[in-house]
Amino acid sequence: MWELLPLLLLTLAYFFWPKGKSPGAKYPNSLPALPLVGSLPFLPRHGHQHVNFFKLQRKYGPIYSLRMGNKTTVIIGEHQLAREVLIKKGKDFAGRPQVVTLGILSNNHKGIAFADHGAQWQLHRKLVQATFALFKDGNQRLEKMICQEISSLSDFLATKCGQSVDLSLPVFMAVTNIMCFICFNFTYKYEDPKLKIIHHYSNGILDMLGKNTIVDIFPGLKIFPNKTLEILRNCVNMRNELLTEILGKYKESFSSDSITTMLDVLIQAQMNSDNNNADPDQDSKLLSDKHILSTIGDIFGAGVETTCSVVLWTVAFLLHYPQLKKKIQKEIDQNVGFNRTPTLSDRNHLLLLEATIREVLRIRPVAPMLIPHQAIVNSSIGGYAIDKGTDVIINLWALHKSETEWDQPDKFMPERFLDPTGNQLISPSLSYLPFGAGPRTCVGEMLARRELFLFMAWLLQRFDLEVPDDGHMPALEGIPNVVFLIEPFKVKIKVREAWKEAQAEGSPQN
């Protein structure tokens, strides 16, 4: 039996050793790698992965590779190279790695966020973009809806005056309702149990995706019992059941004469395809109910948790920088006052607030390593050969923390996004890509920026957000996940005296 061991090891080495590379091609520097396990033994075991990858640049440079099992992954930590991947050669690197956990989340890689490059992804992304075009600049319907949800949130927080509260759930409910309006044209009451179900499975999905399960590196292990995958499947099933119910009811009252939501756009495309009236690329197989549900699930997953996270990060930084908070409130008082609530048109005047949001997105990016890309053809980055099938990670953390691009990059400095007079917003560096770029750029960037501005402008106009009486400050280290989350914290809610006085004189007009 022991004589067979060398044969077994040789067989494993054959299957898991890096395959032959193109002769004469120049490849990026690589971490050491062993058969079967790849570079895993040589990666830091502690700390955040995006930080560790940034540190490895000191030794291997701004582009280097490593092996996860038998899979080659290239890490990019410099903005010229990142822009080459995302924009200049965006089509070459528009693929997505097909890993077990994301396959479960996306119903076998459907939708737009985790789907591989191809006709299905292109079609659904185009339909999602068509939906957001319904709410383009000049359309007041979306702004009115966002403000309506923030108003409900503000009224709820007013009942907590003097108390210390965790904002995560009420903010989640408000942002979820905004997405419900965009997708379905309805919203939930805060006490609706379905809203709690959405919160439960959303948290469950995030928790499980944050486990860094080894099955994504060695997919063959999925045949064994796996608690993480079991919980993830249960959460995804909860999500799918809820969305299936909504889709079924929606179809009963669907009218082609009124296309106002994302579900309208998707159902109309499905009907056109079924009636053979679609464009040649609109294959009916790409517009099944399962595909529609996956796309809606992606929009909620990408559009709710990200916005909630940035709102919480912004509040946390303002608790750490109370003088900045006072300056923003003074800016709001001078430019908006208390006789009305903030609108999107105020973005041109609340420059310090806008700069603060941009700085939060820099110093605590929503996705520190974006979602990994994959080369769909043999290509190159910075003159280095990149073989088809290679995974490519843009380390946004490295781009946003580059000392050659940013003055004191570890310091929270919103003023870096303002000119010396403070009267104009500027783009201080090309090494700033909070929403990605190119073919895979975040489709909801416009919505997210509007929400973030309105949430913070409304909250700071009406409330003093203070450190709780126990003096416990929010931790700023964060929890790396698909979304860069912040540790739960509480904030003391106090209705501002100036707001109270304005209320006494006459209610502000929305």
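Look above for the structure.
Description of the structure in this document. (Residues numbered from 1 in each chain as written. Predicted model: local features only at pLDDT ≥ 70, side-chain atom pairs only at ≥ 80, totals over all residues. Heavy atoms only, no water.)

## Quick look at the pairing of strand S8 (residues 391-394)
Then step 1. Going residue by residue along S8, you find Asp391 and Ile393 tucked away on one face and Val392 and Ile394 tucked away on the opposite face as well.
Then step 2. For strand S5 (residues 373-374) and S8, the ladder comprises two bridges, and the chain directions are antiparallel. Bridge assignment links glutamine 374 to a residue of S8, and that residue is aspartate 391. (Buried < 20%, exposed > 50% of the residue type's maximum accessible area, 1.4 Å probe, protein only. Helix = DSSP H or I, 4+ residues; strand = E, 2+ residues; numbered from the N terminus. Pairing = 2+ DSSP bridges.)

## What about unusual backbone geometry?
Then step 1. For asparagine 107, which is not glycine, the phi dihedral falls at a positive 50°.
Then step 2. In this fold, asparagine 107 is placed in the loop between helix H4 (100-105) and helix H5 (119-133).

## Some details on the nonpolar core
Then step 1. Membership of the largest hydrophobic core comes to 126 residues, with the highest contact counts inside it found for Leu167, Phe184, Leu263, Ile296, Leu353, Phe455 and Val491.
Then step 2. Residue contributions to this core peak at 16 residues, all from helix H11 (residues 289-320).
Then step 3. Apart from the residues within four sequence positions on either side, leucine 167 is in contact with Leu157, Leu312, Val315, Val491 and Ile493. (Core = buried A, V, L, I, M, F, W, Y, C linked by side-chain atoms within 4.5 Å. Contact = heavy atoms within 4.5 Å.)

## A look at helix H15 (residues 445-462)
Then step 1. Here H15 spans 26 Å end to end across 18 residues, near enough to the 26 Å set by a 1.5 Å rise per residue.
Then step 2. Most of H15 is tucked away: 15 of the 18 residues are buried. (Expected span 1.5 Å × (residues − 1).)

## Points about the packing of aromatic side chains
Then step 1. A complete count under the given rule lists 13 aromatic pairs for this structure.
Then step 2. Members of the aromatic cluster, connected to one another through ring pairs, are Trp313, Phe317, Tyr321, Trp397, Phe412 and Phe484. (Phe/Tyr/Trp six-rings, centres within 6.5 Å; stacked < 30°, edge-to-face > 60°.)

## Examining the side chain of serine 202
Then step 1. One can find serine 202 in helix H8 (residues 193-209).
Then step 2. Classification of serine 202 by relative accessible area gives buried; the value is 13%.
Then step 3. Apart from residues lying up to four places away in sequence, serine 202 is in contact with Phe172 and Glu305.

## Concerning the sheet that holds strand S9 (residues 463-466)
Then step 1. Here three strands make up an open sheet; going across it, the order is S4-S10-S9 and the pairing antiparallel. Edge strands, defined here as strands with exactly one partner in the open sheet, are strand S4 (164-165) and S9.
Then step 2. In the sheet, S9 pairs with strand S10 (residues 491-495) via four bridges, with the strands oriented antiparallel. Residue leucine 465 lies in a different strand from S10, and its bridge partner there is isoleucine 493.

## Re the pattern of salt bridges
Then step 1. If you walk through the whole model with that rule in mind, you get 17 salt bridges.
Then step 2. In this structure, lysine 492 engages aspartate 469 in a salt bridge whose closest nitrogen and oxygen atoms are separated by 2.9 Å. Remark: aspartate 469 occurs in the loop between S9 and S10 and lysine 492 occurs in strand S10; sequence separation between them is 23 residues.
Then step 3. Overall, aspartate 469 belongs to the exposed group, its relative accessible area being 65%.
Then step 4. Across the pair lysine 500 and glutamate 497 runs a salt bridge, and its minimum N-O distance is 3.5 Å. Here lysine 500 and its partner glutamate 497 are both found in helix H16 (residues 497-505), three residues apart, which amounts to about one turn of the helix.
Then step 5. Residues joined by salt bridges that share partners form a network here, namely Lys194, Glu245 and Lys249. (Salt bridge = Lys/Arg side-chain N within 4 Å of Asp/Glu carboxyl O.)

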